[in-house]
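Analysis of the macromolecular model
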Amino acid sequence: MRFLSLILLLTLSLFGDTMTPKQLHVLQTVRDVAKSIPDKNGKTYENTVSAICLTESSAGKNTIGDFRHKKSFTKASLGPMQIQVATARHVAQNVKKLRWLNTLTDVQLAGRLLGDIKLSAKVATYYVILLHQQRPDKFNAISGYNGGSVNHPYYARVMKNMDIVNHLVSSGKLS
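Residues numbered from 1 in each chain as written. Predicted model: local features only at pLDDT ≥ 70, side-chain atom pairs only at ≥ 80, totals over all residues. Heavy atoms only, no water.

Some words on the overall build of the protein chain
Rules: The numbering of helices and of strands both runs from the N terminus, where a helix is a DSSP run of H or I of at least 4 residues and a strand a run of E of at least 2. A 1.4 Å probe rolled over the protein chains alone gives each residue an accessible area, and that area as a share of the maximum for its type sets the label: buried under 20%, exposed over 50%, partly exposed in between. The criterion used for residue contact is that any of the two residues' heavy atoms lie within 4.5 Å. In this description, accessible areas are obtained by the Shrake-Rupley approach with a 1.4 Å probe, and a residue is regarded as covered only by the protein chains that are shown.
Scanning the protein chain from terminus to terminus reveals 8 helices and 2 strands. Reading the helices (α) and strands (β) of the protein chain from amino to carboxyl end gives α-α-α-β-β-α-α-α-α-α. Taken over 175 residues, the protein chain has a buried fraction of 47%. Look at the contacts in the protein chain between residues 6 or more apart in sequence, and 55% of them connect residues 24 or more apart. Surface summary for the protein chain: the accessible area is close to 9,500 Å², and the carbon and sulfur share equals 55%.

Below, the structure is given as structure tokens:
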């Protein structure tokens, strides 16, 4: 057991050291936004949203997803949080502060999600909060971020990335 813990620690430290300054900047921006958006009980989800960011885009390295499988760019998963236009519109309908997103065309909204880290993080954070309100079980809420209520492989990747986020925080690379 100690050997496995040592291997995990070594892996985490290597991964933390191989992250580029840009990836660390993306993760810190995502964390800062998530810290500023509490749920109705005052809880914030900066670790969860950061782990999802690592899972979805490797902290901003891969900002366009699912494009090959979609007929339109506006249906792709975009930005560091891999938000789809339809998801952003759903969040905007449920979050008064984001209703202005529905005044944008799909192309305008896609461009904003792709290029604006803070907007991507805001939409993602509110989406995580909505999922936690609808699905009190952490597993189902996190699975829901990737389009399902039960997604064991996705949840496992997010939890593995949660360990990396915790290591980056404890080592002072993220606050």
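Here we look at the side chain of D39
Counted only if it meets this: Charge assignment: positive for Lys and Arg, negative for Asp and Glu; neither His nor the chain ends contribute. Throughout this description, the term salt bridge denotes a Lys or Arg side-chain nitrogen within 4 Å of a carboxyl oxygen of Asp or Glu.
The residue D39 is located in the loop between helix 2 (21–35) and helix 3 (46–57) in this model. In this structure, D39 is buried with no salt-bridge partner, the nearest side chain bearing the opposite charge being K43 at 6.4 Å. Excluding anything up to four places from it in sequence, D39 contacts Y45 and I129.

Describing the packing of helix 7 (residues 138–145) against helix 8 (residues 152–170)
For any two helices packed against each other, one specifies the crossing angle of their axes together with the interaxial distance. Rules: Axis definition: a line fit to C-alpha positions, over the contact stretch in the case of helices; interaxial angles, taken between N-to-C directions, run 0 to 180 degrees. Working definition: roughly parallel below 35 degrees, roughly antiparallel above 145 degrees, roughly perpendicular at 65 to 115 degrees, and oblique for all remaining angles. Only Asp, Glu, Lys and Arg are considered charged in this grouping, and only Ala, Val, Leu, Ile, Met, Phe, Trp, Tyr, Cys and Pro are considered nonpolar; every other residue, Gly among them, is considered polar.
Contact geometry of helix 7 with helix 8 gives a least axis separation of 9 Å together with a crossing angle of 100°. Compared by their axis directions, helix 7 and helix 8 come out roughly perpendicular. Of helix 8, the residues touching helix 7 (which contributes K138, F139, I142, S143 and Y145) are H152, Y154, Y155, V158 and M159. Considering only residue class, the contact of helix 7 with helix 8 consists of 7 nonpolar, 2 polar and 1 charged.

What to know about the packing of aromatic side chains
Put simply, the rule is: Side-chain rings of Phe, Tyr and Trp (the six-membered ring for Trp) are treated as a pair once their centres are within 6.5 Å; stacked means planes under 30 degrees apart, edge-to-face means over 60, and tilted covers the remaining angles.
Throughout the structure, instances matching the rule amount to 2 aromatic pairs. Aromatic pair Y127 and Y145: ring centres 5.5 Å apart, planes at 50°, arrangement tilted. With Y127 in helix 6 (residues 117–134) and Y145 in helix 7, this residue pair connects regions lying 18 residues apart in the sequence.

Description of the side chain of Q23
When you line up the elements, Q23 lands in helix 2. Leave out the neighbours within four places in its chain, and Q23 touches T18, S58, A59 and K61.

Looking at the pattern of salt bridges
The full count for this structure, using the stated rule, is 2 salt bridges. A salt bridge links R112 to D116; the shortest N-O distance between them is 3.4 Å.

Some remarks on the packing of helix 5 (residues 106–115) against helix 6
Between helix 5 and helix 6, the shortest axis-to-axis distance is 5 Å and the interhelical angle comes to 100°. Classified by the angle between their axes, helix 5 and helix 6 sit roughly perpendicular to one another. Residues R112, L113 and G115 of helix 5 form the contact with helix 6, whose participating residues are I117, L119, S120 and V123. Here the residues of the contact of helix 5 with helix 6 sort into 4 nonpolar, 2 polar and 1 charged.

What to know about the layout of surface pockets
Quick reminder of the rule: We place a 1 Å grid over just the protein atoms. Points where a 1.4 Å probe fits but has no way out form a cavity, open points with protein on both sides within 12 Å along at least 5 of 7 lines form a pocket, and any residue with an atom within 4 Å of a point lines it. Grid points are joined across faces, edges and corners, and a volume is the space filled by probe spheres set on the points.
A volume near 190 Å³ is recorded for the largest pocket. As for the largest pocket, its lining consists of E56, G65, D66, S77, Q82, I83, Q84, T87, Y127, Y145 and N146. Taken together, the residues of the lining of the largest pocket break down into 3 nonpolar, 6 polar and 2 charged.

Quick look at helix 4 (residues 85–94)
V85, T87, A88, R89, V91 and A92 are the residues of helix 4 that are buried. Structurally, helix 4 contributes buried residues whose contacts are with helix 5 and helix 6.

Here we look at the confidence of the model for the protein chain
Here is the rule we go by: pLDDT expresses, on a scale from 0 to 100, how confident the predictor is about each individual residue.
Per-residue pLDDT for the protein chain has a mean of 89; in total, 87% of the residues score no lower than 70. Confidence scores differ between elements of the protein chain, with helix 1 (residues 2–18) showing the lowest mean pLDDT of 47 and helix 2 the highest of 98. Within the model, pLDDT remains below 50 along residues 3–16, and this stretch shows 9 contacts once partners closer than five positions in the same chain are excluded.

Some points on helix 8
Since the α-helix packs 3.6 residues into each turn, any two residues three or four apart lie on the same face. Using the following cut-off: Helix span, as expected, comes to 1.5 Å for every residue beyond the first. Polar contacts, as used here, are pairs of N or O atoms within 3.5 Å; protein pairs need one atom able to donate a hydrogen and one able to accept it. Residues neighboring in sequence count only if both atoms are side-chain atoms.
For helix 8, with 19 residues, the first-to-last C-alpha span of 27 Å sits near the 27 Å given by 1.5 Å per residue. Of all the positions in helix 8, only Y154, Y155, V158, M159, N161, M162, I164, V165, H167 and L168 are classed as buried. A side-chain oxygen of the first residue of helix 8 lies 3.0 Å from the backbone nitrogen of Y154; this N-cap is N151. Downstream of helix 8 by a residue or two, G172 has a phi angle that is positive, lying close to 85°.

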